[in-house]
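What follows is each chain in one-letter form.
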Amino acid sequence: MLDMTWLAVPDSRFSLRSPPPAAAEQDESRLQAAQAGPPKTQEADAALALRLRQRDEAALSEVYDQHSGAVFGVLNRLLGDAAAQEVLQDVFLRLWERPESYDPARAGLKTFLLVMARSRALDRLRATKATLPLFTEEGAELPLPDSGPGPVARSEDAQRREQIRAALSQLSAAHRETVERAYLAGESREEISGAMNVPVGTVKSRLNYALKHLRVVLESAGLEKAGPGKEVETWLE
Amino acid sequence: MAGMNENDAQHCEMVQQQLEERVGLGQSLTPELRAHLAGCPGCHAHLTLLRELEAALLEDVPPMQPPAHLKTQVLSAARQTRIQTQTVAPAAQARPHAARRWWPLMLGAAAVSGLLAFGALLTPSRGTAAALPDPAVVVAAAGGLLVASNDGGGTLNLLRGDQVTASLRSGGAQPAWFTQGVRLGDRVYLADAANDRVLEVGTGPLRVVRSYPVPDGVAGLTASSDADGGRVYFKTVRGSVGRLGDPQHQITVAREDGMPLADVMDGVLLSGGRLFVTHHLTGEICLLDPETLNVVGRVVVGGAPVDLAPEAGGTVLALDAAGRLLRLNAGGEVIRSWPLPGHPDKLGVNGSVALVTDRAGQLTRIDLVSGEIQPMPLTHPMDVVALSDGTFAVAEGGGGGGVRVLDETLKTSWKRQGGKR
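What counts as what
Residues numbered from 1 in each chain as written. Chains lettered and ligands numbered in written order. Predicted model: local features only at pLDDT ≥ 70, side-chain atom pairs only at ≥ 80, totals over all residues. Helix = DSSP H or I, 4+ residues; strand = E, 2+ residues; numbered from the N terminus. Buried ≥ 20, exposed ≤ 12 C-beta atoms within 10 Å, placed from the backbone. Contact = placed C-beta atoms within 7 Å. Pairing = 2+ DSSP bridges. Axes fitted to C-alpha atoms, helices over the stretch in contact; angles between N-to-C directions. pLDDT = per-residue confidence, 0-100. Expected span 1.5 Å × (residues − 1). Bend = angle between axes of the 7 residues up to and from the residue. Core = buried A, V, L, I, M, F, W, Y, C linked by C-beta atoms within 7 Å. Parallel < 35°, antiparallel > 145°, perpendicular 65-115°, else oblique. Nonpolar A, V, L, I, M, F, W, Y, C, P; charged D, E, K, R; others polar. Left-handed = near helix turned anticlockwise from the far one by under 90°.

Okay, the overall build of chain B next. Secondary structure assignment for chain B yields eight helices and 28 strands. Out of the 421 residues in chain B, the part that is buried amounts to 51%. Counting contacts in chain B only where the partners sit at least 6 residues apart, residues at least 24 apart contribute 46% of the total.

See the structure below:
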């Protein structure tokens, strides 16, 4: 089970293309990310997105410096070292070839890359056309909600992400493992059932419980998005 | 339920189950699901929750440092796609052929295939030595220049003037990725970051004499001659310092657990009886006893120092990739600083002129007396070395690259164009 010490994990490295921030600045920026959203990150992501569209190779170098560790961590966990190296290159080259597929108003660049990496990894694992990652021949499918949230909403999203982390940390080890197998490792309900030696019904009930728990935590924090009101919530239960 | 009948509720339940399965399995949404989501805020909110759960789980996975050579392969492949997309018809630009993205891997396969014929690889070829494919490192060797290429096969070329006189492929389990070279007598030592090794290369005739494994990855090299024939010191990516051929004797200068930066070198230099070693992660210059390798001093200079060069008079120049050139005294303390544009990572010094190269596309001349800074755009300058006649040799990577020799005023004396083998 993963611990929740994400703030202590060195999850981003300064880029040689942009001088490292002073320690106090790093602390401040992390605090902002944890509490009120990452406006500086959003600005930086937007600037990088623009430079990528202008075919600025130094921008790709910066993106790689900032996010390759996180992307490789996910790929290594899902695929092992050799395949992770191949897919890592594919992820960054896809961003280079299709920079317009990333919209900084709708998602952080790190999140975008991580979701793309997972998608590519699962695609490779299954080796089937039934698993379509982010991109189709018709165009890009964005990994995050379709409604463009804008700066205010992205700030709220950061708070929601924190609440989701908190809610995940409150789950039992079995629930957390089930959730990770389903929504990180991409295992089917049947695969999880076999791996954890529990009935499929138990897998489904654990996942339902986890999602319900997330929803409750978000609601109690006043962060549930427009959607299921109380009546629908009752129905979902 | 206000506004929702039983059929609607059942349909939403089914939709949300499908959303859970598809997000979990990494599958795209069907047109039917998209149509439903467009008119159903409840199911849309459910999808939002699933996406955020997925993102939170992904961000919780601890990061891992990818092998150092991957970054340069990504950038090289990106450069290749740009060059190719600039020359193809617009209709073909929408989606470059998938194989193009995998050319580094194909080169890797070629290298592996080549390794099977190892003996043939190390045989110099004089008849086909006209090309300098993707030069990455240039070293002033005995009687000429040794140019190491990151072309997949690890091609080494020996130049006399601007003429290629010998060539061989060094091979390797991975496509070679040369990052630095130093000369010691009639030998040249090349750091191959992709294969975690240092190659000892003889130049008369051109041949690979020996391969020294550096399991932690080689980040910096320096050579010094002495009565015993000389030593080559190296620094590893993980912060250890050692001598080639003496695997039992290494010490670490790293004090942090943080990840090293991919694709970044460190400088190592013997000067004034001390081994100067940069540690770019912490912005430190470490001073070591060259015999015991004990750390005898540390100076925090800030930034990301990545290269070192000696000066007459015993001072040392240190290049900070964050954009500074520093003059250090014998104790490693900064006694002068020049601000530089960009993020240069290689340094060459001849008398009162220093040249630094930034792979993003710039060469910069620094007059160490007047302080004048003179930039010169180059496509992908990968390395610079000072030559004994006061000129400089620059390795320029990429399709239009090659090797260029410039005088101290940045006037190009000659250029050997790159190309594919």
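Moving on to the overall build of chain A. Within chain A, the secondary structure is distributed over 10 helices and two strands. Scanning chain A from its N terminus toward the C terminus, one meets helices and strands in the order α-α-α-α-α-β-β-α-α-α-α-α. The buried share among the 237 residues of chain A stands at 43%. Restricting to contacts in chain A with at least 6 residues of sequence separation, those with at least 24 account for 66%.

This paragraph deals with the sheet that holds strand S27 (residues 402-406) of chain B. Across a sheet, paired strands are connected by hydrogen bonds in the backbone, their directions being either parallel or antiparallel. Residues and elements named next belong to chain B. Here we have four strands laid out as an open sheet, ordered S25-S26-S27-S28, and antiparallel in their pairing. With partners counted over all chains shown, the strands left at the sheet margins are strand S25 (381-386) and strand S28 (412-417), one partner each. Across the sheet, the mean angle separating the axes of adjacent strands is 15° when strand polarity is ignored. Bridging between S25 and strand S26 (residues 392-396) involves five bridges; their strand directions are antiparallel. In the sheet register, valine 384 faces S26, and the bridge partner there is valine 394.

So, about the confidence of the model for chain A. Residues and elements named next belong to chain A. With 64% of its residues at a pLDDT of 70 or more, chain A shows a mean pLDDT of 71. Considering each helix and strand of chain A separately, the mean pLDDT is smallest for helix H10 (residues 230-236), with a value of 26, and largest for helix H7 (residues 173-183), with 94. Ignoring residues within four places in sequence, the model shows residues 1-37, a span with pLDDT below 50, making 57 contacts including any to other chains. Segment residues 226-237: pLDDT under 50, and 16 contacts once partners within four positions in sequence are set aside and those in other chains are kept.

Residue and element names in this part refer to chain A. Here helix H3 (residues 57-79) is 23 residues long, yet its end C-alpha atoms lie only 28 Å apart, well below the 33 Å a rise of 1.5 Å per residue gives. The largest bend along H3 measures about 55° and falls at histidine 67. Burial within H3 is extensive, with 21 of its 23 residues counted as buried.

With that out of the way, let us pick up the nonpolar core. Among the nonpolar cores identified, the biggest contains 89 residues, and B:Val139, B:Leu145, B:Leu146, B:Leu190 and B:Leu317 are the most heavily contacted of them. No other element matches strand S1 (residues 135-141) of chain B, which puts six residues into this core. The residues touching B:Leu317, leaving out its near neighbours within four places in the chain, are B:Leu308, B:Ala309, B:Glu311, B:Leu325, B:Leu326, B:Arg327, B:Leu347, B:Val349 and B:Ala354. Formed by 68 residues, the second largest nonpolar core is a distinct cluster that contains A:Phe72, A:Val87, A:Ile164 and A:Leu207.

All right, on to the sheet that holds strand S19 (residues 324-328) of chain B then. Residue and element names in this part refer to chain B. Spatially, four strands are ordered S17-S18-S19-S20 in an open sheet, and the strand pairing comes out antiparallel. A single partner strand is all that each edge strand has here, and the edge strands are strand S17 (305-310) and strand S20 (334-339). Taken over all neighbouring pairs, the strand axes of this sheet differ in orientation by 20° on average, direction set aside. Bridge analysis of S19 against S20 gives five bridges, and the strand direction is antiparallel. Among the inter-strand pairings, arginine 324 is bridged to a residue of S20, identified as proline 339.

This part is about the confidence of the model for chain B. All names here are of chain B. Of all residues in chain B, 81% attain a pLDDT of 70 or more, and the chain-wide mean is 80. Across residues 83-129, confidence stays below pLDDT 50; counting only partners more than four residues off in sequence or on other chains, it has 62 contacts. Predicted confidence is poor over residues 258-262, with pLDDT under 50, and the contacts of this stretch with residues over four places away or in other chains come to 20 contacts. What the predictor reports for the complex is a pTM of 0.51 with an ipTM of 0.72.

Moving on: the pairing of strand S3 (residues 155-160) of chain B. Looking along a regular strand, one sees side chains alternate from face to face of the sheet. Residues and elements named next belong to chain B. Counting buried residues along S3, five of its six residues qualify, which places the element largely inside the surrounding structure. Pairing of strand S2 (residues 144-149) with S3, which is carried by four bridges, proceeds in the antiparallel orientation. Across the sheet, leucine 145 pairs through a bridge with leucine 159, a residue of S3. Between S2 and S3, which pair antiparallel in sequence order, lie five residues; one of them, glycine 152, sits at a positive phi of approximately 100°. Hairpin remark: S3 followed by strand S4 (residues 163-169), antiparallel, with two residues in the connecting loop; positive phi at glycine 161, about 65°.

The next point concerns helix H9 (residues 200-220) of chain A. It helps to recall that an α-helix has 3.6 residues per turn; residues three or four apart then point in one direction. Between its first and last C-alpha, H9(A) extends 30 Å over 21 residues, near the 30 Å set by a 1.5 Å rise per residue. Among the residues of H9(A), A:Val203, A:Arg206, A:Leu207, A:Ala210, A:Leu211, A:Leu214, A:Arg215 and A:Leu218 are the ones counted as buried.

Before going further, it helps to spend a moment on the packing of helix H8 (residues 189-196) of chain A against H9(A). All names here are of chain A. Look at H8 against H9: their axes get within 8 Å of each other, and the N-to-C directions meet at 110°. With respect to H9, the element H8 is oriented roughly perpendicular. Counted together, Arg189, Glu190, Ile192 and Ser193 of H8 and Val200, Val203 and Lys204 of H9 form the full contact between these two elements. Tallied by class, residues from the contact of H8 with H9 come to three nonpolar, one polar and three charged.

As a further point, take unusual backbone geometry. Residues and elements named next belong to chain B. Omega for the peptide link from glycine 204 to proline 205 comes to 5°, which places this bond in the cis form. Inspection of the secondary structure assignment puts proline 205 in the loop between strand S7 (197-203) and strand S8 (206-213). Positive phi values are uncommon outside glycine, yet leucine 293 reaches one of about 65°. For leucine 293, the location among the structural elements is in the loop between strand S15 (284-288) and strand S16 (295-300). Phi is positive for leucine 410, close to 75°, though the residue is something other than glycine. Within the element layout of this structure, leucine 410 appears in the loop between S27 and S28. By C-beta crowding, leucine 410 is classed as partly exposed, having 15 other C-beta atoms within 10 Å.

A word on the pairing of strand S11 (residues 240-243) of chain B. Residues and elements named next belong to chain B. By the bridge criterion, three bridges tie strand S10 (residues 231-236) to S11 in an arrangement that is antiparallel. Bridging across to S11, lysine 235 finds its partner in valine 241. Here S10 folds back onto S11, and the loop between the two strands holds three residues, one of which, glycine 239, carries a positive phi near 95°.

Residue and element names in this part refer to chain A. It is the contact of H3 with helix H4 (residues 81-97), at a shortest axis distance of 9 Å, that shows an interaxial angle of 140°. Classified by the interaxial angle, the pair formed by H3 and H4 is oblique. Both H3 and H4 take part in a crossing whose hand is right-handed. Contacts between H3 and H4 involve Leu60, Val63, Tyr64, Ser68, Val71, Phe72, Leu75, Asn76 and Leu79 on the former and, on the latter, Asp81, Ala83, Ala84, Val87, Leu88, Val91, Phe92, Leu95 and Trp96.

Let us look at the environment of A:Leu93. By the element assignment, A:Leu93 lies in helix H4. Separated by 33 residues in the primary sequence, A:Leu93 and A:Leu60 have C-alpha atoms spaced 8.9 Å apart.

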